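The chain contents come next:
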Amino acid sequence: MSIDKIKEKILLNKRLTRKDGIALFKSSDLLALGRMASHVAQKKNGNRVYFVQNMHINPTNICVNRCKFCAFSRSKGEPGAYEMSIDDILGKARCAGKGVRELHIVSGLHPDLPFEWYLDMLRALKKEFPKIHLKAFTAVEIDYLAKLSGLSLGNTLLKLKEAGLGSLPGGGAEIFNTTVRNTLCAEKISGDRWLEVIKAAHKVGLKSNATMLYGHIETPEHRIDHLIRLRELQDRTGGFQAFIPLSFHSQNTEIKKSAYTTGFDDLKTLAISRLMLDNFDHIKAYWVMLGEKIAQVSLNFGVDDLDGTVVEEKITKAAGGTTDGSMTKEDIVHLIKQAGRTPVERDTVYNVVKVWK
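Everything numeric in this text was worked out from a predicted model, so none of it was measured. (Residues numbered from 1 in each chain as written. Predicted model: local features only at pLDDT ≥ 70, side-chain atom pairs only at ≥ 80, totals over all residues. Heavy atoms only, no water.)

A.B. asks: When you look at the sheet that holds strand β10 (residues 342-346) in this model, what are you seeing that I'm missing?
C.D. replies: Either a parallel or an antiparallel arrangement is found when strands of a sheet pair, and the pairing is made through backbone hydrogen bonds. Strands sit in the order β9-β1-β10-β11 across an open sheet of four strands; the sheet is mixed. The sheet is open, and its two edges are formed by β9 (305-308) and β11 (352-355), each paired on a single side. Averaged over all neighbouring strand pairs, the angle between strand axes comes to 25°, with direction disregarded. Pairing between strand β1 (residues 48-52) and β10: four bridges, direction parallel. The partner of Phe-51 across the bridge, within β10, is Glu-345. (Pairing = 2+ DSSP bridges. Helix = DSSP H or I, 4+ residues; strand = E, 2+ residues; numbered from the N terminus. Axes fitted to C-alpha atoms, helices over the stretch in contact; angles between N-to-C directions.)

See below:
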């Protein structure tokens with residue numbers, strides 16, 4: 001399949017196939033991919049680029065899973081292991097600053113905390129910060145919490161929702177391919193189970209994002225298969241808000257790589273994600289992993305969201321992330337304006353807070 005034929009399909013709003021996606025990954029014409037992805041992004045969101053004022057909180061790095069690709073997790077009692085109390089978490093949230101609309105909360109699968117602790121955490125945060133949206137728990141965490149609760153997936157999610165959970169962040173997807181997943185994270189739930197958990201979340205009215213970890217041992221075929229499975233679930237539920245490709249960082253992990261992903265691969269992956277995921281409204285460049293400059297350039301490769309201010313991200317930092325893990329609102333607005341785009345501050349569910357002219 002030639003790039004020109006794929007371009008014709010895009011202009012006619014025809015869905016791309018697996019074969020099309022693989023052909024796009026084999027192409028080295030990065031600018032052509034960018035033009036096609038920009039065309040799709042412009043049709044969906046015009047010149048707008050979204051961001052949210054948010055703060056990441058990672059309550060613990062103690063985890064019963066010790067995935068090979070993860071530099072963040074620790075076993076209980078291991079040097080560097082930590083766990084925050086609910087008071088600690090509230091104290092961290094109080095440092096979020098004026099204007100923060102979202103708390104992004106993910107952590108390890110702690111061996112000792114009961115299900116009620118998580119409900120208490122959500123209730124405490126919601127009581128003190130009723131206007132802040134709580135985006136918390138990956139599908140992996142939800143699966144673990146369902147085991148702790150002894151309830152069905154649906155009832156576990158409803159309990160969390162009643163306690164204040166607003167949406168799911170979409171992490172833990174990694175790569176759905178079973179062989180790759182068993183090498184990266186054999187202890188983690190399967191790709192099928194990840195999709196099942198997210199489907200259940202959408203069913204009870206919780207929106208989510210979706211992710212893909214790339215740049216480790218996967219192939220382009222694995223990436224395309226991952227995207228297609230997300231697209232198929234979105235056809236059924238409509239519950240995904242944004243897709244976030246996450247570039248693998250290998251430092252301090254058991255998956256040894258000599259270098260980070262390249263800028264070329266990052267931009268190509270973002271662009272192809274925009275082209276394949278025709279039923280997703282937003283493609284997000286997670287600048288913490290990509291770096292601010294590649295994230296800015298990605299606005300010409302199908303990206304329409306730069307995530308947010310973040311504040312003190314720990315997971316990427318543990319794996320050798322080179323950014324500060326925090327940006328001010330003014331920094332993000334400047335990046336977007338310099339790219340010739342219109343900055344739009346949003347809340348978690350994409351209600352518009354402010355548009356810069």
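Alright, that's what it looks like, and here's the rest.
A.B. asks: Quick question: what am I supposed to make of helix α6 (residues 139-149) here?
C.D. replies: Think of an α-helix as turning once every 3.6 residues; residues three or four places apart then point the same way. Here α6 lies mainly inside the structure; nine of its eleven residues are buried. Ala-139, Val-140, Glu-141, Ile-142, Asp-143, Tyr-144, Leu-145, Ala-146 and Ser-149 are the residues of α6 that are buried. Of the surrounding secondary structure, the elements contacted by the buried residues of α6 are α5 (115-128), α7 (153-163), β5 (167-168) and α9 (191-203). One or two steps after α6, the chain reaches Gly-150, where phi turns positive at roughly 75°. (Buried < 20%, exposed > 50% of the residue type's maximum accessible area, 1.4 Å probe, protein only. Contact = heavy atoms within 4.5 Å.)

A.B. asks: Help me understand the side chain of Glu-218 in this model?
C.D. replies: Locating Glu-218 in the fold gives a position in the loop between β6 (207-214) and α10 (220-237). Only 2.7 Å separates the side chain of Glu-218 from the backbone nitrogen of Gly-215, close enough to count as a polar contact. There is a polar contact of 2.9 Å between the side chain of Glu-218 and the backbone nitrogen of His-216. With residues up to four places along the chain from it excluded, the contact list for Glu-218 reads Ile-175, Val-180 and Arg-223. (Polar contact = N/O pair within 3.5 Å; in protein donor to acceptor, adjacent residues only side chain to side chain.)

The values reported here are purely geometric and, on their own, carry no functional implication.
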